[in-house]
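For reference, the chains in residue letters:
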Amino acid sequence: MRVSRTSCCYSLLILASYIGMGDKVTENIFKWVTNEPKIVNGAANICRLMDEIVSTEFEQKRGHVCSLLDCYKKHHGMSREAGIQECQKGVAIAWKDINRDCFRPTEVPMDFLTRALNFSRFMDVFYTDKDNYTHAEGLMKTYIKDVMVDPIPI
Ligand SMILES: *[C@@H]1O[C@H](CO)[C@@H](O)[C@H](O)[C@H]1NC(C)=O
Ligand SMILES: *[C@@H]1O[C@H](CO)[C@@H](O)[C@H](O)[C@H]1NC(C)=O
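By the naming in an unreviewed UniProt entry, the protein chain is Terpene synthase metal-binding domain-containing protein, taken from Medicago truncatula.

### With respect to the environment of Asn28
Note that Asn28 resides in helix 3 (residues 27-34). When the C-alpha positions of Asn28 and Phe126 are compared, they lie 32 Å apart, and in sequence the two are 98 residues distant.

### A look at the UniProt feature "domain: Terpene synthase metal-binding" (unreviewed entry) in the protein chain
Those places that UniProt annotates as "domain: Terpene synthase metal-binding" (unreviewed entry) correspond, in this numbering, to residues 1-97. Within residues 1-97, the helical portion is 73% and the strand portion 0%, while the C-alpha atoms at the span's ends are 16 Å from each other.

### Things to note about the site of ligand 1
Neighbouring ligand 1 are Thr114, Arg115, Asn118 and Arg121. With respect to ligand 1, the side chain of Asn118 contributes an N or O atom lying 2.4 Å from an oxygen atom. For ligand 1, an oxygen atom lies 3.3 Å from a polar atom in the side chain of Arg121. Summarising the interface, the protein chains cover 36% of the accessible area of ligand 1, which totals 360 Å² for the free molecule. Taken together, the residues of the shell around ligand 1 sort by class into no nonpolar, two polar and two charged.

### Some thoughts on the nonpolar core
In this structure, Tyr18, Trp32, Ile39, Phe112 and Met123 are the most contacted members of the largest nonpolar core, which totals 35 residues. Among the secondary structure elements, those contributing two or more residues to this core are helix 2 (10-16), helix 3, helix 4 (38-61), helix 5 (68-76), helix 6 (80-101) and helix 7 (110-127). No other element matches helix 4, which puts nine residues into this core. If near-sequence neighbours (up to four positions away) are discounted, Met123 is found in contact with Tyr10, Ile46, Cys47, Met50 and Thr128.

### With respect to the packing of helix 5 against helix 6
It is the contact of helix 5 with helix 6, at a shortest axis distance of 9 Å, that shows an interaxial angle of 115°. The handedness of the crossing between helix 5 and helix 6 is right-handed. Across the interface between the two elements, Leu69, Tyr72 and Lys73 from helix 5 touch Arg80, Gly83, Ile84, Glu86 and Cys87 from helix 6.

What counts and what doesn't
Per chain, the residues get numbers from 1 upward, laid out in the order the sequence is written. By the order in which they are written, chains take letters starting at A while ligands take numbers starting at 1. Restriction of local features to residues with pLDDT of at least 70 applies here, the model being predicted, together with a cutoff of 80 or more for giving and counting side-chain atom pairs; totals for whole chains, interfaces and linings are based on all residues. Think of the side-chain values as coming from all heavy atoms in the structure, minus any hydrogens and water. Numbering of helices and strands runs from the N terminus, with a helix taken as a DSSP run of H or I at least four residues long and a strand as a DSSP run of E at least two residues long. UniProt positions are given in the numbering used here, feature names are shortened, and annotations may be inferred rather than shown by experiment. The nearness test applies per residue and asks whether one of its heavy atoms lies within 4 Å of the molecule or strand. N or O atoms within 3.5 Å of each other form a polar contact, as long as, within protein, one can give a hydrogen and the other can take it, and as long as residues adjacent in sequence are counted only when both atoms are side-chain atoms. Per-residue and other accessible areas were derived by the Shrake-Rupley procedure at a 1.4 Å probe size, with only the shown protein chains allowed to occlude residues. Note that Gly is not counted as nonpolar here; it falls among the polar residues with everything else outside the nonpolar set of Ala, Val, Leu, Ile, Met, Phe, Trp, Tyr, Cys and Pro and the charged set of Asp, Glu, Lys and Arg. We call a set of buried Ala, Val, Leu, Ile, Met, Phe, Trp, Tyr and Cys residues a nonpolar core when their side-chain atoms join them within 4.5 Å. Residue burial is assigned from relative accessible area. The probe radius is 1.4 Å, only protein chains are included, and a residue is buried under 20% of its type maximum, exposed over 50%, and partly exposed in between. Throughout, a contact is declared for two residues whenever any of their heavy atoms are within 4.5 Å. The angle between two axes is taken between their N-to-C directions and runs from 0 to 180 degrees, where each axis is a line fitted to C-alpha atoms and a helix contributes only its stretch in contact. In this scheme, a crossing is called left-handed if the near helix is turned counterclockwise away from the far one by less than a right angle; it is called right-handed if the turn is clockwise.

Set out below in structure tokens:
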């Protein structure tokens, strides 16, 4: 999980999302975010686990490296379904960790937590039921168009 979590780059992306926040981003914030706080690891776990659930079969077909789900299945001698259930439990635990880090008083200002929280929420858009990240068609195309192509009237 530790190795696999790193592969989704979420701690880097969360850190990158702080660019442009001005003077609020102190050295302490960098220390905090690189020290694997629960909310950042939780976001990364959700990304990794939700991706595993929907994409492993397809990724193996195109000769991908071994997946977290396959390692877990082999290690525990489990079926794919049981492995998926374990992944779902991991997602539930990650959400509890994320919620806990948002309780007041928070370790860092809420602005920084909200970004990690939103990265976690975003996984529901990509990975609920289907791998809409790899197969970005249908509704996903509309979302991309809304964000990148069509201006949003304010
Ligand atoms: C987080 O998501 C909420 C709900 O979509 C949105 O209103 C808010 O602007 C987002 N905040 C940040 C910092 O991304
Ligand atoms: C995800 O993919 C499925 C199957 O192609 C599609 O029905 C659904 O609308 C897609 N969801 C999003 C958010 O793109």
